[in-house]
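Summary of the model geometry
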Amino acid sequence: MAELALTPYAPAFIESMRAVGYSLEAAVADLIDNSISAGATLVRVQFRPFDDPYVAIIDNGEGMGPDELTEAMRHGGRSPLEVRSPHDLGRFGLGLKTASLSQCRRLIVVSQKDGRLSARCWDLDLVAQREAWVLWVPDTEAEIMALPHVGEIVEQGRGTVVLWQDLDRLAAGEASVEQALGEKMDRVRDHLALVFHRYLSGEPGIGRLGMEINDNPVLHLDPFLSLHKATQPLYEDVFEVEGSEIRVQPYILPHISKLSRDELKLAGGEEGLRRNQGFYVYRNRRLIIRGTWFRLARAEELTKLARVRVDIPNALDHLWTLDIKKSAAHPPEIVRRNLGRTVERIAERSRQTYTFRGRNTRRDGIIHAWNRIQGRDGISYRVNREHPAVAMLDGALDDDQRQLLRGLLETIESTYPADALYADIASDRPRATERCERDSLRDLALQMLDAAGSVAGARDSLLANLHLVEPFCSYPEITGEIVKEIQDAD
Ligand SMILES: Nc1ncnc2c1ncn2[C@@H]1O[C@H](COP(=O)(O)OP(=O)(O)O)[C@@H](O)[C@H]1O
Ligand SMILES: [Mg+2]
């Protein structure tokens, strides 16, 4: 038997690696992982769509010396099997190269450490020309200093600039690179705001990270609206797998009617609210998977307010089959079992929030059908969205139907004939009194109870409080009889 050392043919291999499937936002996020692992407190993304277009990521982390930098440029420089520091966001020893070269043909990394400035460059055309894994090394100070943003890390005394030039993938199929890059960068901003939100807002155990895109700060986007006073955190579930802790923290987001326009946007909009329900898995507090129930539950209309934060350490990577782009991973059986337990608990709470919320909107203890609202421009009357007849219907509809219901309520509210009513009352013209007949009250009660029926507790609570709900509160005797009749039938 003989052995044959067979190395990949560099030009073909490095070209193929470009097709791993990075999106621009995933590629930028992968570089920011490196900056965070290097202890950076500020990461700046700069992109220039004109002249010599480039994208640069500049950090103030500990930087790399010349030898370290050479190693960092090696494809698969570090083994995926290596035990990493618990704060390291890396895994495969590929991100820097693969993420970058998926977007550009020339990757230059410049780093400053211990007073030494060094630079290395992968240039796909040079590799093709030499037919070998040849790294280009800019070695005169003038050559390195002429590269954009290098002055900034020299001034900081430490840090790294990752520079992408020859942006063929970003420009591919676009009429205007300038416009295309601008739009893509907006997506990058949204992605980073979410993926790194816990670093951007700061948390005990990790310092606060500053982030900018073209000098504009990236603001954190908290998918749990955890500071909203109407968000309900459920109790946290903690379990151990192979000696490492996994923490599961469910949140029930506020009902849509309690969100301002901005808050709703943060939650992903009306459609996003439904689409983004589910688990949010964080590896070392960096978001890797979001908005899926891992098939442990169906993405129902009724669970759409539920989002669950799952914290996993990098020590369990081998169980999660993390992919190279860190954008997919699958929970191992033992984790799935534990998550399943949480799912039921949440779904139940979410349903309750959705179908029967709140009691009193005014201090009189009555659940009114109409709310009188003192606004800045005067008084208005609005149909109470928390009235069970409205809330139950709302909860039973799908998104399109709910739009119709909203439209109907808004039409009624905005066309309410207040002037005519006022004139009629003032002129003493006789007014027909609207009375509810016993049968229609009974039907209404049964329908509402029926809608509440699927939710534990909601039906009983509604039945017990029916005498406080309009119109029932105006007919205490009839309501008492109806309640008794229903209770007897139960
Ligand atoms: N911005 C940076 N600052 C300091 N070191 C870096 C930076 N980017 C990359 N490195 C070094 O290069 C190595 C290789 O990076 P990468 O290819 O992304 O693989 P991984 O992150 O999986 O280790 C890292 O482990 C780190 O030592
Ligand atoms: Mg990395």
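Residues numbered from 1 in each chain as written. Chains lettered and ligands numbered in written order. Predicted model: local features only at pLDDT ≥ 70, side-chain atom pairs only at ≥ 80, totals over all residues. Heavy atoms only, no water.

Scanning the protein chain from N- to C-terminus turns up 20 helices and 15 strands. Against the compact-globule benchmark of 23 Å for 490 residues, the protein chain has a radius of gyration of 30 Å, which places it well outside the compact range. In terms of principal-axis extent, the alpha carbons of the protein chain reach across some 95 × 55 × 40 Å. For the protein chain, the proportion of its 490 residues judged to be buried stands at 48%. Counted over contacts in the protein chain with a minimum sequence separation of 6, partners at least 24 positions apart contribute 67%. (Helix = DSSP H or I, 4+ residues; strand = E, 2+ residues; numbered from the N terminus. Rg over C-alpha atoms; globule rule 2.2 N^0.38 Å. Buried < 20%, exposed > 50% of the residue type's maximum accessible area, 1.4 Å probe, protein only. Contact = heavy atoms within 4.5 Å.)

As a further point, take the pattern of salt bridges. One pass over the full model with this rule turns up 35 salt bridges. Residue Glu-203 is joined to Arg-285 by a salt bridge in which the shortest nitrogen-to-oxygen separation is 3.1 Å. Placement of Glu-203 in the loop between helix H10 (197-201) and strand S6 (210-213) and of Arg-285 in the loop between strand S11 (278-283) and strand S12 (286-292) is noted, with a sequence separation of 82 residues between them. The shortest N-O distance in the salt bridge between Arg-247 and Glu-236 comes to 3.2 Å. Here the residue Arg-247 occupies a position in strand S10 (residues 244-252), and Glu-236 occupies one in the loop between strand S8 (232-233) and strand S9 (237-241), the gap between them amounting to 11 residues. Judged by its relative accessible area of 31%, Arg-247 is partly exposed. We classify Glu-236 as partly exposed; its relative accessible area is 28%. Linked through salt bridges whose partners overlap, the residues forming this network are Glu-15, Arg-18, Arg-105, Asp-125 and Asp-168. (Salt bridge = Lys/Arg side-chain N within 4 Å of Asp/Glu carboxyl O.)

Formed by 56 residues in total, the largest nonpolar core has its most connected members in Val-28, Ile-32, Val-55, Trp-164, Leu-192 and Phe-196. Take this core: its biggest share by element is 8 residues, from helix H2 (residues 24-37). Taken domain by domain, this core gets at least three of its residues from each of domain 1 (10-217) and domain 2 (232-355). Counting residues in each nonpolar core, the second largest holds 32 residues, with Leu-234, Ile-252, Ala-267 and Ile-312 among its members. (Core = buried A, V, L, I, M, F, W, Y, C linked by side-chain atoms within 4.5 Å. Domains from an automatic or database assignment.)

The next thing to look at is the site of ligand 1. Lining the immediate surroundings of ligand 1 are 17 residues, of which Asn-34, Asp-59, Arg-78, Gly-93 and Lys-97 lie closest. Within the contact set of ligand 1, an oxygen atom lies 2.8 Å away from a backbone nitrogen or oxygen of Gly-93. Leu-96 is positioned such that a nitrogen or oxygen atom in its backbone is 3.0 Å from an oxygen atom of ligand 1. Protein chains bury 87% of the 530 Å² of accessible surface belonging to ligand 1 in isolation. Listed by contribution, the elements that provide at least two residues to the shell around ligand 1 are H2 and helix H4 (95-101). Residue composition of the shell around ligand 1, grouped by class: 6 nonpolar, 6 polar and 5 charged. (Near = heavy atom within 4 Å. Polar contact = N/O pair within 3.5 Å; in protein donor to acceptor, adjacent residues only side chain to side chain. Areas by Shrake-Rupley, 256 points an atom, 1.4 Å probe, with all protein chains shown as cover. Nonpolar A, V, L, I, M, F, W, Y, C, P; charged D, E, K, R; others polar.)

What follows concerns the layout of surface pockets. Each pocket or cavity is described by its volume, and for the second largest pocket that value is around 720 Å³. Every residue lining the second largest pocket is counted, 29 residues in all, and those nearest its centre are Asp-190, His-191, Leu-194, Leu-221 and Arg-290. Listed by contribution, the elements that provide at least two residues to the lining of the second largest pocket are H2, helix H9 (177-195) and helix H11 (261-266). If you tally residues by element for the lining of the second largest pocket, the top one is H9, at 6 residues. Composition of the lining of the second largest pocket by domain shows at least three residues from each of domain 1 (10-217) and domain 2 (232-355). (1 Å grid on protein atoms, 1.4 Å probe; cavity = no way out; pocket = protein on both sides within 12 Å on 5 of 7 lines; lining within 4 Å. Points joined across faces, edges and corners; volume = space filled by probe spheres on them.)

On the surface, a nonpolar cluster with roughly 430 Å² of combined accessible area is contributed by Ile-379, Tyr-381, Tyr-416, Leu-421 and Ile-425. Of all the secondary structure elements, the ones that give two or more residues to the nonpolar patch are strand S15 (378-383) and helix H17 (418-426). Topologically, Ile-425 is positioned in helix H17. For Ile-425, a relative accessible area of 47% puts it in the partly exposed group. (Patch = residues over 30% accessible without salt bridge, like charges linked within 9 Å, V, L, I, M, F, W, Y side chains within 5 Å.)

So, about the domain arrangement of the protein chain. Domain parsing of the protein chain yields domain 1 (10-217), domain 2 (232-355) and domain 3 (370-489). Placing the centre of domain 2 and that of domain 3 at their C-alpha centroids yields a distance of 35 Å.

Now for the packing of helix H15 (residues 388-396) against helix H16 (residues 399-414). As a packed pair, H15 and H16 sit with axes 9 Å apart at the nearest point and diverge in direction by 150 degrees. Classified by the interaxial angle, the pair formed by H15 and H16 is roughly antiparallel. In the packing of H15 onto H16, the handedness of the crossing is right-handed. Along the contact surface, H15 presents Val-390, Leu-393, Asp-394 and Gly-395, while H16 presents Arg-402, Leu-405 and Leu-409. Classifying every residue of the contact of H15 with H16 by side-chain character gives 4 nonpolar, 1 polar and 2 charged. (Axes fitted to C-alpha atoms, helices over the stretch in contact; angles between N-to-C directions. Parallel < 35°, antiparallel > 145°, perpendicular 65-115°, else oblique. Left-handed = near helix turned anticlockwise from the far one by under 90°.)

With that settled, the discussion passes to the environment of Ala-369. Residue placement: Ala-369 occurs in the loop between helix H14 (333-355) and strand S14 (370-375). A relative accessible area of 25% means that Ala-369 is categorised as partly exposed. Counting along the chain gives 15 residues from Ala-369 to Asn-384, while the straight-line C-alpha distance between them is 5.3 Å. With sequence-adjacent residues up to four places away left out, Ala-369 is seen in contact with Arg-382, Val-383, Asn-384, His-387 and Glu-470.

For the bond running from Glu-470 to Pro-471, omega is 0 degrees, close enough to zero to count as cis. One non-glycine residue, Asp-166, lies in positive phi territory at about 55 degrees. With relative accessibility at 33%, the residue Asp-166 sits in the partly exposed group. The backbone of Arg-285 shows a phi angle near 70 degrees, a positive value even though the residue is not glycine.

Right, let's get into helix H3 (residues 66-73). Inspection of H3 places Pro-66, Leu-69, Ala-72 and Met-73 among the buried residues, and these make up the whole buried set. Buried positions in H3, seen along its axis, are confined to an arc of 120 degrees and lie on one side of it. Taken together, the buried residues of H3 touch H4, strand S3 (106-113) and strand S4 (116-123). (Arc of directions from axis to C-beta.)

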